[in-house]
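Report on the structure
Chain by chain, the residues:
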Amino acid sequence: MSRTKISERLGLVRYRNQGRHDAKPHITVDTAICDSGCPHQCTTYVCPANCYTLNEEGKLRFQFEDCIECGTCLYACDQGAVTWNYPDPETGRGVEWTFG
Ligand code: SF4
Ligand code: SF4
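Residues numbered from 1 in each chain as written. Chains lettered and ligands numbered in written order. Predicted model: local features only at pLDDT ≥ 70, side-chain atom pairs only at ≥ 80, totals over all residues. Heavy atoms only, no water.

Next up on the list: the overall build of the protein chain. Within the protein chain, the regular secondary structure consists of four helices and six strands. Overall, the protein chain shows an N-to-C arrangement of helices and strands of α-β-β-α-α-β-β-α-β-β. For the C-alpha atoms alone, the extent of the protein chain along its principal axes is close to 40 × 40 × 25 Å. Residues counted as buried form 30% of the 100 residues belonging to the protein chain. Taking as baseline every contact in the protein chain between residues at least 6 positions apart, the subset at least 24 positions apart corresponds to 72%. Accessible surface, the protein chain as shown: approximately 7000 Å² in total, 51% of it carbon and sulfur. Across the protein chain, the 10 positively charged side chains and the 13 negatively charged ones have centroids separated by 7 Å. (Helix = DSSP H or I, 4+ residues; strand = E, 2+ residues; numbered from the N terminus. Buried < 20%, exposed > 50% of the residue type's maximum accessible area, 1.4 Å probe, protein only. Contact = heavy atoms within 4.5 Å. Areas by Shrake-Rupley, 256 points an atom, 1.4 Å probe, with all protein chains shown as cover. Lys, Arg positive; Asp, Glu negative; His and termini not counted. Charge placed at Lys NZ, Arg CZ, Asp CG, Glu CD.)

See below:
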């Protein structure tokens, strides 16, 4: 029996307003907080969709487009940098749930 890799499974997630360049993010990150001395940068380790990365200068970059709304970063960040707003279905980004 073949197993589907996690990267392949993540590729199956469908999103509201997919492809809209003006879609509003459901998560915003105050990267000024991240870059002014976050002691652990733990979101770069715990996000399963790799939305939090460090650039070559060690500064945090966040991209919401691949977020699967697991909620981990909201609880992992203890520096107050992460804000979550449930998206307006007309204009917001977010996972298109099949079963609720
Ligand atoms: S834990 Fe919070 S403050 Fe630290 S890098 Fe991640 S989002 Fe930024
Ligand atoms: S909610 Fe989950 S998938 Fe989305 S950015 Fe946060 S940790 Fe990553």
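Still more ground to cover, so stick around.
Looking now at the site of ligand 1. With respect to spatial proximity, the complete set of residues near ligand 1 consists of C34, C38, H40, Q41, C42, T43, Y52, L60, C77, Q79, A81 and V82. For the shell around ligand 1, the per-class residue count stands at eight nonpolar, four polar and no charged. (Near = heavy atom within 4 Å. Nonpolar A, V, L, I, M, F, W, Y, C, P; charged D, E, K, R; others polar.)

A few words on the site of ligand 2. With respect to spatial proximity, 14 residues lie near ligand 2, and among them C47, C67, C70, G71 and C73 are the closest. When the residues that make up the shell around ligand 2 are grouped by side-chain class, the tally is 11 nonpolar, two polar and one charged.

With that settled, the discussion passes to the side chain of T44. In this structure, T44 sits in helix 3 (residues 43-46). A distance of 2.7 Å separates a polar side-chain atom of T44 from the backbone oxygen of Q41. Those residues within four positions of T44 in sequence are excluded, and the remaining contacts are Y52, T53, L54 and L60. (Polar contact = N/O pair within 3.5 Å; in protein donor to acceptor, adjacent residues only side chain to side chain.)

Moving on to the pattern of salt bridges. Summed over all chains, the structure comprises two salt bridges. As a salt-bridge pair, E96 and R14 come within 3.9 Å of each other at their nearest N and O atoms. Here R14 lies in the loop between helix 1 (6-10) and strand 1 (15-16) and E96 lies in the segment after strand 6 (94-95), a separation of 82 residues in the sequence. Close ionic contact of D22 with R20 constitutes a salt bridge, the shortest N to O distance being 2.9 Å. On the basis of relative accessibility, which here comes to 35%, the residue R20 falls in the partly exposed class. (Salt bridge = Lys/Arg side-chain N within 4 Å of Asp/Glu carboxyl O.)

Glancing now at the environment of Y86. Within the secondary structure layout, Y86 lies in the loop between strand 5 (82-84) and strand 6. Overall, the relative accessible area of 69% leaves Y86 in the exposed class. Distance in space between the C-alpha atoms of Y86 and Y45 is 24 Å, their sequence separation being 41 residues.

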